[in-house]
Amino acid sequence: MPSYAADQVLGAESSAIQMSGRYAIHVASLLKQSDAEKVIRELPFKSHPAYITTSIVKNTTWYRVRIGFFPTAKDAEVLANSIRNRHPDLWITKVANSERLAAFTEATRLSTPPPIKAGEDLIEPESAENLPTAGEASTTKPLAQANNTERTTSSTPPTPSKPITVISSSRSPQSTSESDDPLEKIMIQAEQSMIAQEYDRAIQLYTKILREPENQHSRQALEFTGVARERKGQQAQAKAVWDQYLETYPDGADALRVRQRITAMITAADTPTERTKSTARKQPSRWDVYGGISQFYRRDEFSTETEDFKTSSVNREALSNDLYLTGRYRGDEYDIRTRFSGGYEEDFLDEGESETRISTLYIDLQDKQATNTLRLGRQSSSSGGVLGRFDGFVAGHSLNETIKLNAVAGFPVDSSTYNEINQDRWFYGLNVDLGTFNDAWDYNLFIIEQRNEDILDRRAVGGEVRYFQPGRTLFTLLDYDISYNELNTLFALGSWTNKKDQTFNLSVDYRFSPVLMTTTAIQSQSVNTLSELLAKGITEDEARQYALDRTTRSFTTTLGMVQPITDDFQVSGDLTVTKQGDSETSGGVEGFEGTDYEYSLFIQAIGNNLIKQGDLGIVGIRLTDATTSQRIGLTFNSRYPVNDKLRINPRFQTEFRENTDDSTSQWYVRPSVRFEYRWTRKTRFEFETGGEISNRELTDDTSETNSYYINLGYRHDF
């Protein structure tokens, strides 16, 4: 059945589900999934999971928010009384086994780290396409890629316990990464630098691409690194780069072109000639199309046992089909780039839950001088005040080499599975890009306004500061709502690598959760739109106050360090501090108490070439002191290249937890192993299997759970 589960307190509370219970609290029934998710974010509970089930009544889909699970209706009533003032229409219901098991399995899956994708070398995917990471400052030593592993997963501020992230159980882990390709943006910036004859800047940007694992941009970045050096007059360095290219990519039309570049450069140096304008030949216009496809079969099974209860079931069986396409046209006057990423998932357990996803679908145009640019369609952005995915456009005009004006407008997209354009909410804004100054500094200033059914939803000003130099990076973001006179977001992320190759990184994140906007006022008000809320006699000023009361302040800061021991071994650690603020009582909705300061310390050791050239091993320990629990966890992650085609990636996790809120304890063990076979350079097969064994000591019982999954498929790039 369709179900959703809440990932609470850094993804660790999912194992707190009371599987011995058959009763749940039915909190609300809503017409929009996003409204149901907002209700979940308001719930103050951490010892019991919130989830969503869907029901179709008279051809209308309802999203039902529930809290589970309880042994008796009386037990559920005790917890229900604490939120009845905020949700007067709630009731206690007896749920089916399938609903309880689906919620538990989904929460278990969410707390398991996603599988590492082919070619990523243990680097987790980033969720914010425009935020630079500390990994950008890493050197090209063998451990550079390993450095990025923990910086992405630990140095980047973890998701706070509120707002709760709600994820569909029907979504494949392989398809959860929906942000646009950050490397593509770097390539566009590099191409613009080439056009502007800023060759040093172009070389810096292409080098960033080449530091990443092999990807769809690697071939072009390597070739044009040589072009940039040739145009700087560095013929020897250019030839060395192109020789490296031919060694890596010896076949194909691109290799022929690189050989021609080398020949032309050598010939020009030996016998310089002049070419008249009349004999010059124009570069023929052409389309380049590349992309990839993947298909993965996923199956999850689960069983649980208590003193008087035992059950098992298949909770997921689906085939995910994904496609990404990029086309580029290079003309005499314009460059045109198109991009599509999306997929279709066939649910074998319930055909009605099969879904189509469109994550990205846009066309990007710019003239040869990059003076005018336009991107139109479904896209994602986290700059210029935009808050993620939207259907709309971004248009830009460069006044000179350092000033570019941009206009943006569109309709927010809450989910890639929602294929219609919601025209009730729209935004528009202006921003200006400034830079690059001193080959390091870039700035962006913005003003943006969002409306919901002609009601002011958000009006903000702010900006970004970016600094990049080898060994030093800085990114800051400020978003201030001038209609509410409130600071929405203040974020800073920086890193520094000294001459001893020690890397220090610091991040600070202070923000409203969720983002402050008037739409938030409808939470827990038994309405679906702002106009319905105002029709109940609520003034717009009162609605704005409700929105303020429904949001809370969150604070997260992380301080980390990477210490190389040898070229093949290093240790790293980071300390993270988080705090969630209180919400206020208003409009019949009771506020909830935030968290204390919560602390998490993570230390790991990373080694390369331990047994065989190219292998990798990571061992880590995490200590957490949270408001409702104290935890200690151990992790082991490794990669072993059996030969040039086959890689094995075994992983192991275990954690023990003392729950201070209900005086219970629990532990879990999660082993898994992943195999990757590279049949050709562009085609690879993957197989992964793993599971979880969990034991929770309840007040008067013990709950034991076992689950396993298999994930099998292939990826092909073209």
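Residues numbered from 1 in each chain as written. Predicted model: local features only at pLDDT ≥ 70, side-chain atom pairs only at ≥ 80, totals over all residues. Heavy atoms only, no water.

1. Points about the overall build of the protein chain
Okay, step 1: From N to C terminus, the protein chain includes eleven helices and 28 strands.
Okay, step 2: A separation threshold of at least 6 residues defines the contact pool for the protein chain, and within that pool the share at least 24 residues apart is 60%.
Okay, step 3: Split by element, the accessible area of the protein chain, about 32,200 Å² in all, is 55% carbon and sulfur. (Helix = DSSP H or I, 4+ residues; strand = E, 2+ residues; numbered from the N terminus. Contact = heavy atoms within 4.5 Å. Areas by Shrake-Rupley, 256 points an atom, 1.4 Å probe, with all protein chains shown as cover.)

2. So, the nonpolar core
Okay, step 1: Counting 25 residues, the largest nonpolar core has Met194, Tyr206, Ile209, Trp242, Tyr245, Leu246 and Val258 as the members making the most contacts within it.
Okay, step 2: Of all the secondary structure elements, the ones that give two or more residues to this core are α5 (182-195), α6 (199-211), α7 (218-231), α8 (235-248) and α9 (253-270).
Okay, step 3: The biggest single contributor to this core is α6, with six residues.
Okay, step 4: Among all residues touching Trp242, those that are not within four sequence positions of it are Glu223, Gly226, Val227, Glu230, Val258, Arg261, Ile262 and Met265. (Core = buried A, V, L, I, M, F, W, Y, C linked by side-chain atoms within 4.5 Å. Buried < 20%, exposed > 50% of the residue type's maximum accessible area, 1.4 Å probe, protein only.)

3. Focus: α8
Okay, step 1: With 14 residues, α8 extends 20 Å from end C-alpha to end C-alpha; this agrees with the ideal 20 Å at 1.5 Å per step.
Okay, step 2: Turning to α8, its buried residues are Ala238, Val241, Trp242, Tyr245 and Leu246. The buried residues of α8 occupy one face: seen down the axis, they fall within an arc of 140°. Facing away from the buried side of α8, by more than 90 degrees, are the exposed residues Ala236 and Glu247. (Expected span 1.5 Å × (residues − 1). Arc of directions from axis to C-beta.)

4. Observations regarding a negative patch on the surface
Okay, step 1: A contiguous patch of negative charge, built from Asp582, Glu584, Glu593 and Asp596, is present on the exposed surface.
Okay, step 2: Among the secondary structure elements, Glu584 is positioned in the loop between β21 (569-580) and β22 (598-608).
Okay, step 3: The class for Glu584 is partly exposed, based on a relative accessible area of 47%. (Patch = residues over 30% accessible without salt bridge, like charges linked within 9 Å, V, L, I, M, F, W, Y side chains within 5 Å. Salt bridge = Lys/Arg side-chain N within 4 Å of Asp/Glu carboxyl O. Lys, Arg positive; Asp, Glu negative; His and termini not counted. Charge placed at Lys NZ, Arg CZ, Asp CG, Glu CD.)

5. Notes on α7
Okay, step 1: In a regular helix each residue adds 1.5 Å, so 14 residues correspond to 20 Å; α7 covers 20 Å between its end C-alpha atoms and thus fits that length.
Okay, step 2: Considered for burial, the residues of α7 that qualify are Ser218, Arg219, Ala221, Leu222, Glu223, Thr225, Gly226, Val227 and Ala228.
Okay, step 3: Following α7 by one or two positions, Gly233 has its phi on the positive side, about 90°.

6. Considerations on unusual backbone geometry
Okay, step 1: A cis amide bond, omega 15°, links Gly435 with the succeeding residue Thr436.
Okay, step 2: Inspection of the secondary structure puts Thr436 in strand β14 (residues 425-437).
Okay, step 3: Following Ser513, the chain continues into Pro514 via a peptide bond in cis, with omega recorded as -5°.
Okay, step 4: Summarising the element assignment, Pro514 is placed in the loop between β19 (503-513) and α10 (530-535).
Okay, step 5: With a phi angle near 55°, Glu453 is a residue other than glycine that sits in the positive phi range.
Okay, step 6: Its location among the elements puts Glu453 in the loop between β15 (441-452) and β16 (455-469).
Okay, step 7: The backbone of Ser526 shows a phi angle near 60°, a positive value even though the residue is not glycine.
Okay, step 8: Relative to the assigned elements, Ser526 resides in the loop between β19 and α10.

7. Side note on the pairing of strand β7 (residues 286-306)
Okay, step 1: As paired strands, β7 and strand β8 (residues 309-330) are joined by 21 bridges and run antiparallel to one another. Within β8, the position partnered with Thr306 by the bridge is Phe309.
Okay, step 2: Taking the residues between adjacent antiparallel strands as the criterion, β7 and β8 are bridged by two residues. (Pairing = 2+ DSSP bridges.)

8. Things to note about the pattern of salt bridges
Okay, step 1: According to the stated counting rule, one finds 27 salt bridges in the structure shown.
Okay, step 2: Between Asp300 and Arg298 there is a salt bridge, with its nearest N and O atoms 3.0 Å apart.
Okay, step 3: A relative accessible area of 6% means that Arg298 is categorised as buried.
Okay, step 4: As a salt-bridge pair, Arg299 and Glu317 come within 3.4 Å of each other at their nearest N and O atoms. One end of the pair, Arg299, is in strand β7; the other, Glu317, is in strand β8, with 18 residues separating them in the sequence.
Okay, step 5: Within this structure, Arg674, Glu676, Arg678, Glu686 and Arg715 form a network of salt bridges that share partners.

9. Examining the side chain of Asp35
Okay, step 1: With respect to the helices, strands and loops of the structure, Asp35 is situated in helix α1 (residues 33-42).
Okay, step 2: With no salt bridge to any partner, buried Asp35 finds its closest opposite charge in Lys38, at an N-O distance of 4.5 Å.

10. What about the confidence of the model for the protein chain?
Okay, step 1: Summary statistics for the protein chain give a mean pLDDT of 80 and a share of 80% for residues scoring 70 or more.
Okay, step 2: Counting interchain partners and residues more than four positions distant, the pLDDT-below-50 stretch residues 1-19 has 91 contacts.
Okay, step 3: With pLDDT under 50 throughout, residues 271-282 is counted as low confidence; its partners more than four residues away or in other chains account for four contacts. (pLDDT = per-residue confidence, 0-100.)

11. A look at the packing of aromatic side chains
Remark: the centre distance and the inter-plane angle together describe each pair of aromatic rings, the angle taken between the planes.
Okay, step 1: Tallied over the entire structure, the rule returns 13 aromatic pairs.
Okay, step 2: Relative to Phe348, the ring of Tyr297 has its centre 6.4 Å away and its plane inclined at 40°; by these criteria the two rings are tilted. Pair noted here: Tyr297 is in strand β7 and Phe348 is in the loop between β9 (334-347) and β10 (355-367), with a separation of 51 residues, a long-range link.
Okay, step 3: On the accessibility criterion, Phe348 (43% relative accessible area) is partly exposed.
Okay, step 4: The ring of Tyr484 carries Arg544 above its face, with NZ or CZ at 4.0 Å from the centroid.
Okay, step 5: Across the ring face of Tyr597, the terminal group of Lys579 is positioned such that the distance to the ring centre comes to 5.6 Å. (Phe/Tyr/Trp six-rings, centres within 6.5 Å; stacked < 30°, edge-to-face > 60°. Lys NZ or Arg CZ within 6 Å of the ring centre and 35° of its normal.)

12. Focus on a nonpolar patch on the surface
Okay, step 1: On the surface, Leu575, Tyr597, Tyr599, Leu601, Ile603, Ile621, Leu623, Ile632, Leu634, Phe656, Trp667 and Ile693 cluster together to form a nonpolar patch covering roughly 1,000 Å² of accessible area.
Okay, step 2: Broken down by secondary-structure element, the contributors of at least two residues to the nonpolar patch are β22, β23 (616-625) and β24 (629-641).
Okay, step 3: A total of three residues in the nonpolar patch trace back to one element, the largest contributor, which is β22.
Okay, step 4: As for its placement among the helices and strands, Ile632 is situated in strand β24.

13. Remarks on the packing of α6 against α7
Helices that pack against each other are described as a pair by the angle of their axes relative to one another and the distance between those axes.
Okay, step 1: Two elements in contact, α6 and α7, have axes whose closest approach is 9 Å; the angle formed by their N-to-C orientations is 155°. The pairing of α6 with α7 is recorded here as roughly antiparallel in orientation. Classified by chirality, the crossing of α7 by α6 is left-handed. Between α6, through Tyr199, Ile203, Tyr206, Ile209 and Leu210, and α7, the contact on the second element is made entirely by Ser218, Ala221, Leu222, Phe224, Thr225, Ala228, Arg229 and Arg231. (Axes fitted to C-alpha atoms, helices over the stretch in contact; angles between N-to-C directions. Parallel < 35°, antiparallel > 145°, perpendicular 65-115°, else oblique. Left-handed = near helix turned anticlockwise from the far one by under 90°.)

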